[in-house]
Amino acid sequence: MTNTRFEQPVTILVGMGFPVTIENAMEACSLLQDWPAPGRNGAHAVALNACKAGIAGEVDPEIVRATLVAFARRNDILVPNTLVAKTISRTASTDRTA
């Protein structure tokens, strides 16, 4: 189950606003386990438990994704998919002109 990818990755801001794309339960679990203690809350605990259950094969990867998204929204660190697509599009067009 650890290699089962989310249907759609989740991009969140970490550190000083650096975007990180999470594609599966193992990546989400790693991020949440390293989350600073002062920033942990109920949404963090729910997401971390879901990640562990997802890794164990007890819940569907999309349940894990949904809890990660809820955690990110609650902490105002979720990068909307439309913004991610625009960033990728700009990067791709910049690479072609360079």
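As a starting point, this report considers the structure included with it. (Residues numbered from 1 in each chain as written. Predicted model: local features only at pLDDT ≥ 70, side-chain atom pairs only at ≥ 80, totals over all residues. Heavy atoms only, no water.)

Once that is clear, we can look at the overall build of the chain. A count of helical and extended segments in the chain gives 4 helices and 2 strands. In the chain, the succession of helices and strands from N to C terminus is β-β-α-α-α-α. Evaluated residue by residue, the chain yields a buried proportion of 33% over its 98 residues. When the accessible area of the chain is evaluated, it comes to approximately 6,100 Å², of which 55% is carbon and sulfur surface. (Helix = DSSP H or I, 4+ residues; strand = E, 2+ residues; numbered from the N terminus. Buried < 20%, exposed > 50% of the residue type's maximum accessible area, 1.4 Å probe, protein only. Areas by Shrake-Rupley, 256 points an atom, 1.4 Å probe, with all protein chains shown as cover.)

Our next topic: the environment of Asn41. For Asn41, the position within the fold is in the loop between helix H1 (25–33) and helix H2 (42–55). Owing to a relative accessible area of 24%, Asn41 belongs among the partly exposed residues under this scheme. For the pair Asn41 and Asn75, spaced 34 residues apart in the sequence, the C-alpha separation amounts to 9.4 Å. In contact with Asn41, other than residues within four places in its own chain, are Phe71, Arg74 and Asn75. Of the polar contacts made by the side chain of Asn41, one reaches the backbone nitrogen of Ala43; its length is 3.1 Å. At 3.4 Å, the side chain of Asn41 forms a polar contact with the side chain of Asn75. (Contact = heavy atoms within 4.5 Å. Polar contact = N/O pair within 3.5 Å; in protein donor to acceptor, adjacent residues only side chain to side chain.)

What follows is about the side chain of Thr67. Tracing the backbone shows Thr67 in helix H3 (residues 61–74). Its relative accessible area of 16% is what places Thr67 among the buried residues. The residues contacting Thr67, other than those within four sequence positions of it, are Val46, Ala47 and Ala50.

Under the criterion given, the structure shown has 1 salt bridge. Linking Arg5 and Glu23 is a salt bridge whose minimum nitrogen-to-oxygen distance equals 2.2 Å. Placement of the pair is Arg5 in strand E1 (residues 5–14) and Glu23 in strand E2 (residues 18–24), with a sequence separation of 18 residues. Accessibility expressed as a relative area gives 51% for Arg5, which makes it exposed. (Salt bridge = Lys/Arg side-chain N within 4 Å of Asp/Glu carboxyl O.)

Attention now moves to the pairing of E1. Across 6 bridges, the pairing between E1 and E2 is antiparallel. Across the sheet, residue Ile12 finds its bridge partner in E2, namely Val20. Here E1 folds back onto E2 in antiparallel fashion, the turn holding 3 residues, of which Gly15 has a positive phi close to 55°. (Pairing = 2+ DSSP bridges.)

Moving on to the nonpolar core. One recurring pattern in soluble globular proteins is that nonpolar side chains are buried together. If you look at the biggest cluster of nonpolar residues, it comprises 21 residues, and the most contacted ones within it are Ile12, Leu31, Leu32, Leu68 and Phe71. Those elements that place two or more of their residues in this core are E1, H1, H2 and H3. Apart from residues no more than four positions distant in its own chain, Leu31 is found in contact with Ile12, Val14 and Ile22. (Core = buried A, V, L, I, M, F, W, Y, C linked by side-chain atoms within 4.5 Å.)

Scope: geometric values only; no functional claims are made or implied.
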